[in-house]
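Observations on the three-dimensional arrangement
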Amino acid sequence: MRILAGLVLRGLGWRYHMPEPPSKKYVLIGAPHTSNWDFFVGLLALWALGIRARWLGKKELFRPPLGGLLRLLGGIPVDRSRRNNLVDQVAAIFQREEEIAILITPEGTRSQAPYWRTGFYYMALKAGVPIALGYADFRRKEVGIGGYLWPTGDIRRDFAEIRAFYQDKVGLRPEKQGPIRIRDEVEGVA
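These lines cover the structure that appears in this document, whether it is placed above or below. (Residues numbered from 1 in each chain as written. Predicted model: local features only at pLDDT ≥ 70, side-chain atom pairs only at ≥ 80, totals over all residues. Heavy atoms only, no water.)

A word on the packing of aromatic side chains
- For the structure on display, the rule yields twelve aromatic pairs.
- Between W37 and F40 the ring centres are 5.6 Å apart and the planes differ by 85 degrees, which places this aromatic pair in the edge-to-face class. A residue pair is termed a helical-turn pair when its members lie 3 or 4 positions apart in one helix, as W37 and F40 do in helix α2 (residues 37–49) at three residues.
- Each residue in the set W116, F120, Y121, Y122, Y135, F159, F165 and Y166 is aromatic and connected to the rest through ring pairs, giving one cluster.
- Above the plane of the ring of Y135 lies K169, whose end atom (NZ or CZ) is 5.4 Å from the centre. (Phe/Tyr/Trp six-rings, centres within 6.5 Å; stacked < 30°, edge-to-face > 60°. Helix = DSSP H or I, 4+ residues; strand = E, 2+ residues; numbered from the N terminus. Lys NZ or Arg CZ within 6 Å of the ring centre and 35° of its normal.)

Here is the structure:
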C-alpha cells in the first residue's frame, strides 16, 4: 500500500515528506481543511509515509453495521456526552497505547471558521506528546508533516509558532481558510 500510494501521489504531481517523529505518540494536525479532497490527498500521504493515523468519532457512529469498518479505518469512539472530558479521554488513549498518531482537524469544518478549536493542543499537552504539523498545500502540491511542536502550556506562544508554519500553506479552496488563532483572540469573545 505504501509504494502504491506514493506512486499515485507522484503521478498526480504531489511531493510528500515527513521528518522522523521525536516520539512514537503524537497529535497530528490536518490543515488547511477546505475541501473533501483534503481527505483523499491526506490519506494517500498517510499511506505513503507509513503512518497509521487514528481519528476521533462520536461513539454513536460505531454501532453496527458500520462500527467495525470505522474502527478498521482508524476510528476511535469517544463519549461526547461527558462535557469537558474529551481531553482526558484522549490523554488516557495515549497512555495505554505504545505507538499512536491521532489526527485532528482544528478548523473543525471545511467552511471558514473564525478560530481554530484548541482541543488538539490540550490533548497533546495533557498526554505529554508533540504536535505534528501536518499539511496539504495545494498551491505547491506538497503534503506531509513539516515539523513537530512540543506544547509548553503557553498557548499564545505556541500558537504563534503554529501560525508561522501554516501562514504560507494554501488549501484547495483558499477562500474557506480561516485565521489561525485561538477563540479569545477573536474580537468580542471573552
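Moving on, there is more to tell.
Things to note about the nonpolar core
- Counting residues in each nonpolar core, the largest one holds 30 residues, and the members touching the most others are W116, F120, I162 and Y166.
- Residue assignment for this core shows that the elements contributing at least two residues are β2 (25–31), β4 (75–78), α4 (86–96), β5 (100–104), α5 (119–127), β6 (131–137) and α6 (155–166).
- For I162, the contacting residues outside a window of four places in its chain are W116, F120, L133, L149 and I180.
- The next biggest cluster of nonpolar side chains, apart from the first, holds ten residues, and it includes A5, L9, W14 and A45. (Core = buried A, V, L, I, M, F, W, Y, C linked by side-chain atoms within 4.5 Å. Buried < 20%, exposed > 50% of the residue type's maximum accessible area, 1.4 Å probe, protein only. Contact = heavy atoms within 4.5 Å.)

A short note on the layout of surface pockets
- Of the pockets and cavities examined, the second largest pocket occupies roughly 230 Å³.
- Along the walls of the second largest pocket sit 13 residues, with P21, K24, Y26, G50 and E99 positioned nearest its centre. (1 Å grid on protein atoms, 1.4 Å probe; cavity = no way out; pocket = protein on both sides within 12 Å on 5 of 7 lines; lining within 4 Å. Points joined across faces, edges and corners; volume = space filled by probe spheres on them.)

Thoughts on the pairing of strand β3 (residues 54–58)
- Bridging between β3 and β5 involves two bridges; their strand directions are parallel. Residue pairing for β5: R54 is matched across the bridge by I102.
- Sheet topology places β3 next to β4; four bridges connect them, and they run parallel. By the bridge assignment for β4, K58 is matched with V78. (Pairing = 2+ DSSP bridges.)

What about the pattern of salt bridges?
- Following the criterion strictly, the structure yields seven salt bridges and no others.
- Note that D168 is salt-bridged to R140, the shortest N-O span being 3.0 Å. Of the two residues, D168 is situated in the segment after α6 and R140 in the loop between β6 and β7 (142–149); the sequence distance between them amounts to 28 residues.
- Note on D168: relative accessible area 29%, which makes it partly exposed.
- In this structure, the salt-bridge partner of K169 is D168, at a minimum N-O distance of 2.9 Å.
- The structure contains a network of salt bridges with shared partners spanning D137, R140, D168 and K169. (Salt bridge = Lys/Arg side-chain N within 4 Å of Asp/Glu carboxyl O.)

Here's the deal with the sheet that holds β3
- Here we have seven strands laid out as an open sheet, ordered β1-β7-β6-β2-β5-β3-β4, and mixed in their pairing. Two strands close off the open sheet at either side, each with one partner strand: β1 (15–17) and β4. This sheet shows a mean twist of 30 degrees between the axes of neighbouring strands, independent of strand direction.
- Both β1 and β7 contribute to a ladder of three bridges, which runs parallel. (Axes fitted to C-alpha atoms, helices over the stretch in contact; angles between N-to-C directions.)

What about α4?
- Burial in α4 covers these residues: Q89, V90, A91, I93 and F94.
- In this structure, the buried residues of α4 make contact with β2, β3, β4, β5 and α5.

Points about the side chain of D158
- The topology assignment puts D158 in helix α6.
- Here D158 occupies a buried position and makes no salt bridge, while the nearest side chain of opposite charge, R157, is found at 4.1 Å.
- Within the structure, D158 has its side chain in polar contact with the side chain of Y121 (distance 2.5 Å). (Lys, Arg positive; Asp, Glu negative; His and termini not counted. Polar contact = N/O pair within 3.5 Å; in protein donor to acceptor, adjacent residues only side chain to side chain.)

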